[in-house]
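These are the residues of each chain, in order.
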Amino acid sequence: MNPKRLSLYLFLLCALIGGLMMASNASAGWVIEDVAASGDQGNYASIAVDSTRTIHTAWYDAGVGRLLYSVRQHNGWQTVQVDAGNRGMYASIDINPLNDLPAIAYYAQEDNRPKYAWFDGEAWHTEFIGGATGDIEGDFIDLAFKATGLPYVSYHFDDGAFNDMGLKVGYRDSAGSWHVSGVDTATSSAGMSQFGEHTAIAFSSGDNPHVAYQGDNVFSPQQKYAWYAAGSWDFTVTFDFDFAGIWSDIALDSGDNPYISTWNTETLGQECAAVIFEVADEWTLDNIECGDGDFGAWTSIAIDGNDNLHVAYYGAGELRYALGTASGWTIVTLDDNGGDGNTGAYTTIALDDRGSPYIGYYNQLQKDMMITYLLDPPDVFSITPAEGNNNAVLEDVAIVGDLFETTSTVRLVTPDSKVQVPGTSVVVTSRTNLVCDFDLSDVPVGVYNLEVTNIAGAGVLPDAFTVITDPPDLDSISPEVGANDDDDFTIQLTGTHFTPDMTVTLTRSNEDDMTPTDFVVYNATSAAAVFDLTNALTGEWNVVVETTFGGDTLNNAFTVICGLPAANFDALPKQGQVPLEVQFADRSEATTYCDLTTWAWVFGDGETSAAQRPKHTYQEPGSYDVSLTVTNDGGSDYVVKSAFITVNAPGDDDTTDDDTADDDDATDDDDDDASDDDDLSPPPDDEGPARADEEDDSKSEGSCGC
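Caption draft 1: Spotlight on the pattern of salt bridges. Tallying each qualifying case throughout the model produces 15 salt bridges. In this structure, Glu318 engages Arg320 in a salt bridge whose closest nitrogen and oxygen atoms are separated by 3.1 Å. Between Lys574 and Asp570 there is a salt bridge, with the nearest N and O atoms lying 3.1 Å from each other. Accessibility expressed as a relative area gives 33% for Lys574, which makes it partly exposed. Judged by its relative accessible area of 18%, Asp570 falls in the buried class. Each member of the salt-bridge network shares a partner with another, and the members are Arg53, Asp352, Asp353, Arg354 and Glu405.

Written as structure tokens, this is what we have:
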């Protein structure tokens, strides 16, 4: 193979993680993440990395039959559906160099056509590529962008038995129209069924497309290679052997030399991950690693800025990664599924601007979409200053640690993650130092963790920073009036510099303070308190708030008023012969400090009274509804009792109506002695209205307390 130089970055990184050993387990520097685990995720995995080192991946959800896309944010993987309805096989994702946004080419098997999806920064859009032609059009599709931002695709087509099949290449012009042409075709026949499959496309430094694909013929499969130059396509056979051209990929080095990763089944009966390249106009095959059980399948290749080769492939149930340098191949096992194997299919590799690899793959055992990449999260050692007031922007904060990157982000986070303060104007001066600002304006006070991120994750320094504030300033409350019959009254408070530890009380001279039964501080400017105002003294109260940093008072800001009374009454007797004299008793309730002021009785026979405890004589037999309306400073209440008084005709004082003049039984001797349960108790002395906090001793059995 051509001489390669090990990049300084990878050399330093490998030294940090203890080096990469031949066929060794993955070092601590590799991060493995489960992107999607519900259903059957990860078929036809594809990966891309944008200029900010954000990871993008696309794959086919085989359980549902849809195309999914996921991007890694600071809080994990964010996944969306791009297309559905049995569409999404052979997904291939790439980043548009003009806008740094992802696009995906894929096969819509429901339609037997290729499709293209692109993200405009807000939403995904999809369209078909070219027109519907043959029986199969668009499987084994691959996507790559020209430097000008035009997307190109390579894919397989098959017009049916004894018709054309092979490789097509298409591109989308700046007006949004697709132009597709056949690059290499053959006539479908017995023994030739895979011609044009397993395509992969890449661009040279001159922005010309190069394609690797399978060239099947009756006698032997072929690994073929096509390139566009001087306005036309050329193609050649690089190697022919059993299964040649299957699971291949292509990348070009800085000299525009093509390198094709492939699955080689011709080495002493074993199967190998291999790379095909050209030396002195001769194609050469270099086996990276060999084994049994589809070893070396699903290869994917990328070349960094120092012309080092990065190849990911399936290692008989394990995910393998190989780094090709001038010294040869350095190989690691990145994932063996905890020793259970059965992982590493549909491998796909991409490099960031530093040449650091990112690999997507399918865990066949768990049916998960997986990503692995190389780099540890940062270490965070200190922050200076470690305290700031939430009334301004804190500038030039110095943070010391390790493994910082130019794209590192910084934030302060409460332990419960509910409040986050991003660092702004971040300047990474070295791998171990950075400077940033924090806008602490109105940020809740308290102790915060410090987080610094790189593409591998976040490093955390717990309890690193304290936000302080000015004393609270209480501007207003709402409502400003509450009734003293309300046991669940909410007051909203508005102001500034509220803190989670703030307290609120209602105060009044010579009265006990009222504290809330519930209190919540929403943010630095709003809070809410719930008070039990039952039987509170009417009049004006002060509202007092206090925090660790001071307090404030709104004098005479809240007024307690009387609550509504609760009308009720009783009477003796409730039945008897005409004329019937009845003593009525007011049993209404009123809150403390809120005595009743008026009573309005309606006896049901056309007569009324304004007395508190009136006597009334009924002159006609019948059943009478009685009502009472009571009033205090809080308002009025009304109660009516239906058929409350029963007046019998002369000689009939029993409640049972049997149409006799006198149906009294032997138990009623009309002598008003103790054995007569119809005797009337003497009217009680006049007394004031009952209150909610007084016990009603007059409601004993056999007496109305009248």
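Caption draft 2: Structural detail: a negative patch on the surface. Side chains of Asp485, Asp487, Asp488, Asp518 and Asp532 sit close together on the surface and give a patch of like negative charge. Inspection of the secondary structure puts Asp518 in strand β43 (residues 518-523). By relative accessible area, which is 48% here, Asp518 ends up partly exposed.

Caption draft 3: Quick look at the state of the cysteines. A complete count under the given rule lists two disulfides for this structure. A sulfur-sulfur distance of 1.9 Å marks the disulfide that ties Cys272 to Cys290. An S-S torsion of about 100 degrees defines the bridge between Cys272 and Cys290 as right-handed. Note that Cys272 is positioned in strand β21 (residues 270-279) and Cys290 in strand β22 (residues 282-291), a separation of 18 residues in sequence. Accessibility expressed as a relative area gives 0% for Cys272, which makes it buried. By relative accessible area, Cys290 is classed as partly exposed at 27%. Paired by a disulfide, Cys562 and Cys594 hold their sulfur atoms 2.0 Å apart. The sign of the -90 degrees torsion about the S-S bond sets the Cys562-Cys594 disulfide as left-handed. Pair noted here: Cys562 is in the loop between β46 (550-561) and β47 (569-572) and Cys594 is in the loop between β49 (580-586) and β50 (598-602), with a separation of 32 residues, a long-range link.

Caption draft 4: Layout of the pairing of strand β36 (residues 446-454). Within β36, seven of the nine residues are buried, which leaves the element mostly enclosed by the surrounding structure. In this structure, strand β33 (residues 410-413) lies alongside β36, joined through four bridges in antiparallel fashion. In the strand pairing of β36, Leu412 is matched with Leu450. As paired elements, β36 and strand β37 (residues 457-468) share eight bridges and run antiparallel to each other. Bridged to Leu450 within β37 is Leu461. If you look at the hairpin formed by β36 and β37, you'll find two residues sitting between the two strands.

Caption draft 5: Main features of the packing of aromatic side chains. In this structure the tally under the stated criterion is 31 aromatic pairs. With centroids separated by 5.1 Å and ring planes inclined at 85 degrees, the aromatic side chains of Tyr152 and Phe203 adopt a geometry described as edge-to-face. Here Tyr152 is found in strand β12 (residues 151-158), whereas its partner Phe203 is found in strand β15 (residues 200-203), with 51 residues between them in sequence. Ring pairing ties together the aromatic residues Tyr44, Tyr60, Tyr90, Tyr107, Phe140, Trp247, Trp263, Trp298, Tyr314, Tyr346 and Tyr362, which thus form one cluster. In this structure, Lys168 packs its charged tip against the face of Phe157, placed 4.6 Å from the ring centre. Of note, Arg172 hangs over the ring of Trp118, and the distance from its end group to the ring centre comes to 4.6 Å.

Caption draft 6: Examining the sheet that holds β37 more closely. In space, the eight strands of this open sheet follow the order β30-β32-β35-β34-β33-β36-β37-β31, with mixed pairing throughout. Where the open sheet ends on each side, the last strands, each with one partner, are β30 (379-384) and β31 (387-389). Between one strand axis and the next, the sheet turns by 35 degrees as a mean value, whatever way the strands run. Pairing geometry for strand β34 (residues 420-430) and strand β35 (residues 433-439), over five bridges, is antiparallel. Residue pairing for β35: Val427 is matched across the bridge by Val435.

Scoring rules and cut-offs
Residues numbered from 1 in each chain as written. Predicted model: local features only at pLDDT ≥ 70, side-chain atom pairs only at ≥ 80, totals over all residues. Heavy atoms only, no water. Salt bridge = Lys/Arg side-chain N within 4 Å of Asp/Glu carboxyl O. Buried < 20%, exposed > 50% of the residue type's maximum accessible area, 1.4 Å probe, protein only. Patch = residues over 30% accessible without salt bridge, like charges linked within 9 Å, V, L, I, M, F, W, Y side chains within 5 Å. Areas by Shrake-Rupley, 256 points an atom, 1.4 Å probe, with all protein chains shown as cover. Lys, Arg positive; Asp, Glu negative; His and termini not counted. Charge placed at Lys NZ, Arg CZ, Asp CG, Glu CD. Helix = DSSP H or I, 4+ residues; strand = E, 2+ residues; numbered from the N terminus. Disulfide = S-S within 2.5 Å. Pairing = 2+ DSSP bridges. Phe/Tyr/Trp six-rings, centres within 6.5 Å; stacked < 30°, edge-to-face > 60°. Lys NZ or Arg CZ within 6 Å of the ring centre and 35° of its normal. Axes fitted to C-alpha atoms, helices over the stretch in contact; angles between N-to-C directions.

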